[in-house]
Amino acid sequence: MLMGKVRNIKKELLSDNWYTLNRVTFEYQKADGEWETQVREAYDRGNGAVILLYNLEKRSVVLTRQFRMPTYLNGNSDGMMIEACAGILEKGNAEETIKMEVEEETGFRIDKVQQIFESYMSPGSVTEILYFFTGQYKDDMRIGEGGGAEDETENIEVLELPFTKAWQLMLSGEIKDAKTIMLLQYAKIHSLFD
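Residues numbered from 1 in each chain as written. Predicted model: local features only at pLDDT ≥ 70, side-chain atom pairs only at ≥ 80, totals over all residues. Heavy atoms only, no water.

A. Representation of the packing of aromatic side chains. In the structure shown here, the tally under the stated rule is nine aromatic pairs. Relative to Tyr72, the ring of Phe67 has its centre 5.9 Å away and its plane inclined at 50 degrees; by these criteria the two rings are tilted. For Phe67, a relative accessible area of 39% puts it in the partly exposed group. Of the residues examined, Tyr72 reaches a relative accessible area of 42% and is grouped as partly exposed. Geometrically, the ring pair formed by Phe163 and Trp167 is tilted, given 6.1 Å between the ring centres and 35 degrees between the ring planes. Of the two residues, Phe163 and Trp167 both sit in helix α3 (residues 163–171), four residues apart, roughly one turn of that helix. When sorted by exposure, Phe163 lands in the same class as Trp167, which is buried. Three or more aromatic residues joined by ring pairs form one cluster here, namely Tyr54, Phe163, Trp167 and Phe193. The ring of Trp35 carries Arg7 above its face, with NZ or CZ at 3.8 Å from the centroid. The ring of Tyr19 has Arg45 lying over it, and the distance from NZ or CZ to the ring centre is 5.5 Å. (Phe/Tyr/Trp six-rings, centres within 6.5 Å; stacked < 30°, edge-to-face > 60°. Buried < 20%, exposed > 50% of the residue type's maximum accessible area, 1.4 Å probe, protein only. Helix = DSSP H or I, 4+ residues; strand = E, 2+ residues; numbered from the N terminus. Lys NZ or Arg CZ within 6 Å of the ring centre and 35° of its normal.)

B. Region of interest: helix α4 (residues 178–189). Here α4 is twelve residues long and its end C-alpha atoms lie 16 Å apart, about the 16 Å a rise of 1.5 Å per residue gives. Among all positions of α4, only Lys179, Thr180, Leu183, Leu184, Tyr186 and Ala187 are buried. Along the axis of α4, the buried residues cluster in a sector spanning 155 degrees; they form a single face. Of the residues trailing α4, Ser191 is marked for its positive phi of about 50 degrees. (Expected span 1.5 Å × (residues − 1). Arc of directions from axis to C-beta.)

C. Just unusual backbone geometry, in detail. Phi is positive for Asn8, close to 55 degrees, though the residue is something other than glycine. In this fold, Asn8 is placed in strand β1 (residues 5–15). Non-glycine residue Arg59 carries a positive phi angle of around 55 degrees. On the secondary structure map, Arg59 appears in the loop between β4 (48–55) and β5 (60–67).

D. View of the packing of α3 against α4. Between α3 and α4, the shortest axis-to-axis distance is 11 Å and the interhelical angle comes to 130 degrees. The angle between α3 and α4 falls in the class oblique. Crossing of α3 over α4 shows left-handed handedness. For the pair formed by α3 and α4, the contact residues are Phe163, Ala166, Trp167 and Met170 on the first element and Ile181, Leu184, Gln185, Ala187 and Lys188 on the second. Tallied by class, the residues present in the contact of α3 with α4 amount to seven nonpolar, one polar and one charged. (Axes fitted to C-alpha atoms, helices over the stretch in contact; angles between N-to-C directions. Parallel < 35°, antiparallel > 145°, perpendicular 65-115°, else oblique. Left-handed = near helix turned anticlockwise from the far one by under 90°. Contact = heavy atoms within 4.5 Å. Nonpolar A, V, L, I, M, F, W, Y, C, P; charged D, E, K, R; others polar.)

E. Representation of the sheet that holds β1. Sheet architecture is open: three strands sit in the order β1-β2-β3, paired in antiparallel fashion. Edge positions in the open sheet fall to β1 and β3 (35–44), since each of these has one partner strand only. Within the sheet, the average angular offset between the axes of one strand and its neighbour, ignoring direction, is 20 degrees. Sheet analysis places β1 next to strand β2 (residues 20–29), joined by eight bridges and oriented antiparallel. Residue pairing across strands places Arg7 opposite Glu27, the latter belonging to β2. (Pairing = 2+ DSSP bridges.)

Structure representation (structure tokens):
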């Protein structure tokens, strides 16, 4: 069964204020060979990278906490989210971006990371693909307080937690961020701390 042919793509710019929002009209060929016109909106915020920072000796992870307005608008009473360190790609290089984000957000300077997978996070409406990494940190790698770049209004709190505590926060629903849940599950499935 051949599916997925697309033709006659037309984009209409709806917004380019923070990122880009387009209305896309196109024809899609269904499994029976018939063509149908579809209309979707696609939000392009660029691609990103995320990392689980972990310390085997301390059996700990470094996460962040920051205010996220979209979650506040959708029922998160204080808008605060516990998340893995992440950022939008700079110049298309996921590995260099995540090292830079780690230093800005957490204050740790790490030199080795391992890409473990990539994922479209909301493929029905957002174009972003996210590159997932793990990386080990040690106390002597800390060169600053972190907290994010001042010019980006991030106001990030750095959290160093035992992995078991982070896992419990996920199970209790206090960690609701998908990328962080995926990384914690990766650590558990792959016995990172065993």
